[in-house]
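# Results of the structural survey
The lines below spell out each chain.
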Amino acid sequence: MKKKKLLITAFPFFPVINKFKKQLKKKNIEFDVLKTSQYIREKILLRIIHKYDALLCGDDEITKKVIDKATNLKVISKWGTGIDSIDKNYAIKKGIKIFNTPGAFTNGVATMALAMLLSFYRKINENHNDIKKGQWKKYPGETLIRKKIGVIGVGNIGKTIFEMLQGFNTINYGNDLKKIDKKFLNKNNIKIKNKKFLYNNCDVLIFATDLNKNSYKMINKYSVKELKKKPLIINVGRGGVIDNKTLIYALKMKKINGACLDVFENEPLKKNNPLKNFKNCIFTSHNAFNTKDEVEFVHKNTLHNLYKGLRLSKVSTFK
């Protein structure tokens, strides 16, 4: 059987490649690794993608141009959940199979949103840094009691955030294009409202949506005018949901209470990005997904999807 050629670009998979080397060899797959700290740009993929039968990717720029060059590509196995960096419809039209792991990081990402929320209001970062400097300051914090929390994107992650908020005695609002099960809403004391209502009334706005034509740059120079209560903004969804320039303006003009971001419009965040100048912000490096148990599952399931796409596995679900 002719060997299949695989390109691995998903950076979370790099540390475990050796662990799965024998498995890939048994499947008659030889692979190349193209290392990156975040994602591979279109211009780089255009030079090499024609060599490969399969791609195990991260958030790479898999555009129409790349797909047209990928004359041998049979399967794209996305490491993780989001596939908005892939021109999915065009790839399918060209006969390329696309797989991901839906809902893989639900608990990890929801936990990050809550961790940021609590850290911000209880000033944990500031207190920690002061103690390390030999200072013993006292910071007045806030509880979450009666805080109005708006979650935009009530999918798996959004729902889990609401479930984790139970017990904090918050007032919960959600927004989503899809209809949400009434039993879930009633159980978790959630009212579905439009975005304008959330912008006008919420103390905290948590973005847990994927990136699409409706969510792209949802926070922009127009929508920021609707933020009547100067909310804390938390983004654990996609960086493109918030316009970077607008966010800097909102922080500078004190239109918002602060920002907690795991994702950014452009990643990695550049050294001279003005966001770094604001003290009322908490940043993490697109790391909300990174919990040991969920990552291990995705490693294995991504390979399973790869084998399935190459017709090297008859198993329909990974166990």
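Described below are features of the structure shown in this document. (Residues numbered from 1 in each chain as written. Predicted model: local features only at pLDDT ≥ 70, side-chain atom pairs only at ≥ 80, totals over all residues. Heavy atoms only, no water.)

## Side note on empty space enclosed by the protein
Test applied: Points on a 1 Å grid, built from protein atoms alone, make a cavity when a 1.4 Å probe fits but cannot get out and make a pocket when they are open with protein on both sides within 12 Å along at least 5 of 7 lines; residues with an atom within 4 Å of a point are the lining residues. Grid points are joined across faces, edges and corners, and a volume is the space filled by probe spheres set on the points. Here the nonpolar group is Ala, Val, Leu, Ile, Met, Phe, Trp, Tyr, Cys and Pro; Asp, Glu, Lys and Arg are the charged ones; every other residue, Gly included, is treated as polar.
Inspection of every chain in the model, using the stated rule, returns one cavity of 30 Å³ or more. In this structure, the largest cavity encloses a volume near 60 Å³. Lining the largest cavity are Asn235, Gly239, Ile242, Asn244, Leu247, Leu261, Val263, Phe264, Glu265 and Leu275. For the lining of the largest cavity, a count of residues per class yields six nonpolar, three polar and one charged.

## Some words on the side chain of glutamate 294
Basically, it comes down to this: By the criteria applied, helices consist of DSSP H or I runs no shorter than four residues and strands consist of E runs no shorter than two, each listed in order from the N terminus. Exposed residues in this analysis have more than 50% of their type's maximum accessible area, buried residues have under 20%, and partly exposed residues fall in between, with area computed by a 1.4 Å probe over protein chains only. Charged-residue counts in this description rest on Lys and Arg as positive and Asp and Glu as negative, His and the chain ends being excluded. One speaks of a salt bridge when a side-chain nitrogen belonging to Lys or Arg is within 4 Å of a carboxyl oxygen belonging to Asp or Glu. Between N or O atoms, a polar contact is any pair within 3.5 Å; within protein, one atom must be a potential hydrogen donor and the other a potential acceptor, and residues adjacent in sequence are included only when both atoms are from side chains.
Residue placement: glutamate 294 occurs in helix 11 (residues 292-309). Here glutamate 294 occupies a buried position and makes no salt bridge, while the nearest side chain of opposite charge, lysine 292, is found at 14 Å. A polar atom in the side chain of glutamate 294 sits 2.8 Å from the side chain of threonine 291.

## Examining the layout of surface pockets
Taken as a whole, the largest pocket holds about 1,300 Å³ of empty space. Lining the largest pocket are 49 residues, with Thr81, Ile157, Ala208, Thr209 and Asp210 positioned closest to its centre. Only helix 5 (106-122) and helix 7 (156-165) provide two or more residues apiece to the lining of the largest pocket. When residues in the lining of the largest pocket are grouped by element, the largest group, four residues, is from helix 7. For the lining of the largest pocket, a count of residues per class yields 19 nonpolar, 19 polar and eleven charged. Every residue lining the second largest pocket is counted, 16 residues in all, and those nearest its centre are Tyr39, Asp59, Asp84, Leu211 and Glu265. For the lining of the second largest pocket, the class distribution of residues is four nonpolar, six polar and six charged.

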